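Per-entry structural report
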Amino acid sequence: MLLALSLITAGILLRQADRVRFGLGRPRTANAAQLIAVQRARANNWTPAALLAGQWVQIAGYWLLAAHGWLGAVVAAAGVAVQFRHLQEISHHAVHGVLARTRRANHVLAELGAHLPLGLAPVEVRRRRHVRDHHPNATLASDPNLAELAQAGLGPGVARRRFAAALLFPLTARGARATAVTLAANLRPRSGRYAEAPAMIAVLCAAYLTGGWAALLAGVLIPRLLLYPLLAWWSLLVEHTWFDPEHRTGTAAEIEAGRCLRLYPHNPALAALAAATWLPYGDLHHYAHSAHPGLRWNYLPALERHLPPAHFTPGALFLSPASVARRHYRALTVQAEDSRRQTAPRP
């Protein structure tokens, strides 16, 4: 137990080098140009590498913890799922070219630190899908994320029960099957790429050698197949007002203020919890990221204070009349009603 806690602590400390490098002396409020200048002055390759290493050291600590009874396994499953989610967001910034100093370092760190060991799609595929296809077209018909939402059943006129199930989609039979199919496709060898499956096997072996079957099950399989996909799914739900049909115009910030949302703006405790778990590395500040994708997570809060507020600032994900879930459901209901009016025969 002591060794497990020591590894978790060591991983947290190892990650602080990157936070100190980019965080000390940063302005509290500034425009994008000022923040990019600070970011470029501090760009390097070694603190991002230490950051990723710290995440995996923490994961190894959770693997050891999983061997200490059922409570340790439960904590390990939740802890590893959070770390996998963190790795996803760190690599997201690498895809945007702002994790490390050079394009090659961004690519290598994302592949070795997250995409290969987690069985994610190749970095170039994610870059094309996310940077080229999603960012300029967020919430529009050509946005690939809308296809993911539709696959979960989030479409106009969705029934309440199916909508509720869609909020937990990765835990449903259809969602778990979709995760498994996607993972299998990512691990399948393709021309010029044969490392995905060996990297995933290496993670499974490392978990087993560290904490036995408990670590293999609670430290890799359950987090990767169920819990981490759920956290990533919730993060997708709170990125945008996905189903609002209003067309946005204006500056980049004005457009994003209308089609993004900002969760927990008046609840520091929930905001801190989300930032530490399922909305890490600036994902809580997705509005600021969408307005200026070239900024690292360290500077998104300062930019957000400089921007006009997002139009939708919910205080809850599920349980509130003004929650994200209620907003999405109302928008889908309005879409269905508009569609019926347009297709109804005229007298």
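Before reading on, note that the structure itself is shown above.
First, a word on scope: everything that follows refers to the structure included in this document. (Residues numbered from 1 in each chain as written. Predicted model: local features only at pLDDT ≥ 70, side-chain atom pairs only at ≥ 80, totals over all residues. Heavy atoms only, no water.)

1. Thoughts on helix 9 (residues 173–187)
With 15 residues, helix 9 extends 21 Å from end C-alpha to end C-alpha; this agrees with the ideal 21 Å at 1.5 Å per step. Of the positions making up helix 9, those classed as buried are Gly175, Ala178, Thr179, Leu183 and Asn186. All buried residues of helix 9 project into a common sector of 130° when viewed along the axis, lining one side. In helix 9, the exposed positions angled more than 90 degrees off the buried face are occupied by Ala173 and Val181. (Helix = DSSP H or I, 4+ residues; strand = E, 2+ residues; numbered from the N terminus. Expected span 1.5 Å × (residues − 1). Buried < 20%, exposed > 50% of the residue type's maximum accessible area, 1.4 Å probe, protein only. Arc of directions from axis to C-beta.)

2. Some details on unusual backbone geometry
The residue Thr139 is not glycine, and still its phi comes out positive at about 70°. Relative to the assigned elements, Thr139 resides in the loop between helix 6 (123–134) and helix 7 (144–151).

3. Some points on the pattern of salt bridges
Tallied over the entire structure, the rule returns ten salt bridges. Arg129 is paired through a salt bridge with Glu148; the nearest N and O atoms lie 2.4 Å apart. On the criterion of sequence distance, the pair formed by Arg129 in helix 6 and Glu148 in helix 7 is long-range, its members being 19 residues apart. You can call Arg129 partly exposed: its relative accessible area is 33%. Exposure remark for Glu148: the relative accessible area of 30% places this residue in the partly exposed category. In this structure, a network of salt bridges that share partners links the residues Arg85, Glu89 and Asp283. (Salt bridge = Lys/Arg side-chain N within 4 Å of Asp/Glu carboxyl O.)

4. Thoughts on the side chain of Arg42
Position of Arg42 among the secondary structure elements: in helix 2 (residues 32–42). Within the buried set, Arg42 has no salt-bridge partner at all; the shortest N-O distance to an opposite charge, 10 Å, is to Asp18. (Lys, Arg positive; Asp, Glu negative; His and termini not counted.)

5. Topic: the packing of aromatic side chains
Tallied over the full model, the rule gives eight aromatic pairs. Ring geometry for Phe163 and Tyr329: centres 5.1 Å apart, planes at 65°, overall edge-to-face. Of the two residues, Phe163 is situated in helix 8 (residues 160–167) and Tyr329 in helix 15 (residues 324–343); the sequence distance between them amounts to 166 residues. Residue class for Tyr329 comes out buried when judged on its relative accessible area of 18%. In this structure an aromatic cluster arises from ring pairing among Trp56, Phe84 and Tyr228. When the ring centre of Trp297 is taken as origin, the NZ or CZ atom of Arg296, which lies over that ring, is 4.2 Å away. (Phe/Tyr/Trp six-rings, centres within 6.5 Å; stacked < 30°, edge-to-face > 60°. Lys NZ or Arg CZ within 6 Å of the ring centre and 35° of its normal.)

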